[in-house]
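Chain residues, written in single-letter form:
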Amino acid sequence: MQGQNAMAQLQVAPSAIYMDENNTTERIVIRNSSTETVEVAIEMLFGYPATDSEGNVYFKHYESIDEDQPSAIEWIRIYPRFFNLNPGERQTVRFAARPPDGLPSGEYWARPAVVAQLPSVVEAVEGENISTQFNLRKRTILSLNYRMGEVNTGISVNSFSAEVEGTEIKLTADLERLGNAAFLGHYNVRLIDAGGTVRKTEKKEIAVYKDQKRSIRFDSTDLDSGTYSAELELFTDERNSEGIIQASTSISTTTFTIP
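The following refers to the structure shown.

The rules we used
Residues numbered from 1 in each chain as written. Predicted model: local features only at pLDDT ≥ 70, side-chain atom pairs only at ≥ 80, totals over all residues. Heavy atoms only, no water. Pairing = 2+ DSSP bridges. Helix = DSSP H or I, 4+ residues; strand = E, 2+ residues; numbered from the N terminus. Axes fitted to C-alpha atoms, helices over the stretch in contact; angles between N-to-C directions. Core = buried A, V, L, I, M, F, W, Y, C linked by side-chain atoms within 4.5 Å. Buried < 20%, exposed > 50% of the residue type's maximum accessible area, 1.4 Å probe, protein only. Contact = heavy atoms within 4.5 Å. Lys, Arg positive; Asp, Glu negative; His and termini not counted. Salt bridge = Lys/Arg side-chain N within 4 Å of Asp/Glu carboxyl O. Polar contact = N/O pair within 3.5 Å; in protein donor to acceptor, adjacent residues only side chain to side chain.

### Topic: the sheet that holds strand E1 (residues 10–13)
For sheets, the rule is that strands pair by backbone hydrogen bonds, running either parallel or antiparallel.
Working step 1: Taken together, 4 strands build an open sheet; the order of strands is E1-E3-E9-E7 and the sheet is antiparallel. Of all the strands in the sheet, the pair left with one neighbour each is E1 and strand E7 (76–79). Across this sheet, the average inter-strand angle for adjacent strands is 20 degrees, counted without regard to direction.
Working step 2: Note that E1 and strand E3 (residues 25–32) share 4 bridges and pair antiparallel. Paired with Leu10 across the bridge in E3 is Asn32.

Structure, rendered in structure tokens:
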């Protein structure tokens, strides 16, 4: 369908915006590489990655924001906020921070959402005198972190355990975020057999805005019976450090047995 193709070809960069008291303006570029004109609006949301009781990650969105939440959405200005983007065109959107006086040191968060909407699409039902009208709408959610004064972060693993469930190994880590800013880094997990050979690994980005219970799962069908250790390393990557607050590396281990 043409409309869906246009949605897929709306490109936004960068996906993360970092601002501070010395850098109060930033921008993103939105490009329409489709053949259709797209209506674009910029919305501001508040939320962050969180985990459920099983350790699965989801985006926690707040419809209403308590005063104790580190929200920046009330004082971030957006120019322009609404526009049409013709085929092949690009639009620069600027963000300007206007924090209130006396804002305490720390990191404040917002989630700009680029909302693209095409004109109504009408589809006829084949063989019937019936047509259906619907709107196509796509929302791309970005992150915006504003740092005020002295900011720091870190990560502590309060517990790390492994459980064999049938043909699956489930690792669970209770993570405590330290400091007054989000921990934006990576985790690296290694499964090591009794002979010291690394049998499985997984490396992924991780964002810890508030304390989390994080689960990581591995297939065990290709592992022999025996005792294994699991090593969890959490770190910030100095090689890709733009906008990232550096933190000390945390390493935790646990053991488990495959019967």
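### Describing the nonpolar core
Working step 1: Ile30, Val40 and Phe95 are the most contacted members of the largest nonpolar core, which has 38 residues in total.
Working step 2: Mapped onto this core, the elements with two or more residues apiece are strand E2 (16–20), E3, strand E4 (38–45), E7, strand E8 (82–85), strand E9 (90–97), strand E10 (106–117) and strand E14 (143–148).
Working step 3: Once you skip the residues sitting within four places of it in the chain, Val40 turns out to touch Leu10, Ile30, Arg81, Phe82, Phe83, Leu85, Val114 and Val115.

### Some points on the side chain of Arg111
Working step 1: Positionally, Arg111 belongs in strand E10.
Working step 2: An unpaired buried charge is present at Arg111: no salt bridge exists, and Glu107, the closest side chain of opposite charge, is 9.1 Å distant.
Working step 3: A polar contact is formed between the side chain of Arg111 and the backbone oxygen of Gly47, at a distance of 3.5 Å.
Working step 4: Setting aside anything within four residues of it in sequence, one finds Arg111 in contact with Glu43, Met44, Leu45, Gly47, Tyr48, Pro49, Phe59, Ile141, Leu142, Ser143 and Tyr209.

### With respect to the pattern of salt bridges
Working step 1: With the rule as written, the count across this model stands at 8 salt bridges.
Working step 2: Across the pair Glu107 and Arg147 runs a salt bridge, and its minimum N-O distance is 2.6 Å. With Glu107 in strand E10 and Arg147 in strand E14, the pair connects residues that are 40 residues apart, well separated along the chain.
Working step 3: The exposure class assigned to Glu107 is buried, which follows from its relative accessible area of 2%.
Working step 4: When its relative accessible area of 11% is taken as the criterion, Arg147 is described as buried.
Working step 5: Within the structure, one salt-bridge network assembled from shared partners comprises Arg190, Glu231 and Glu233.

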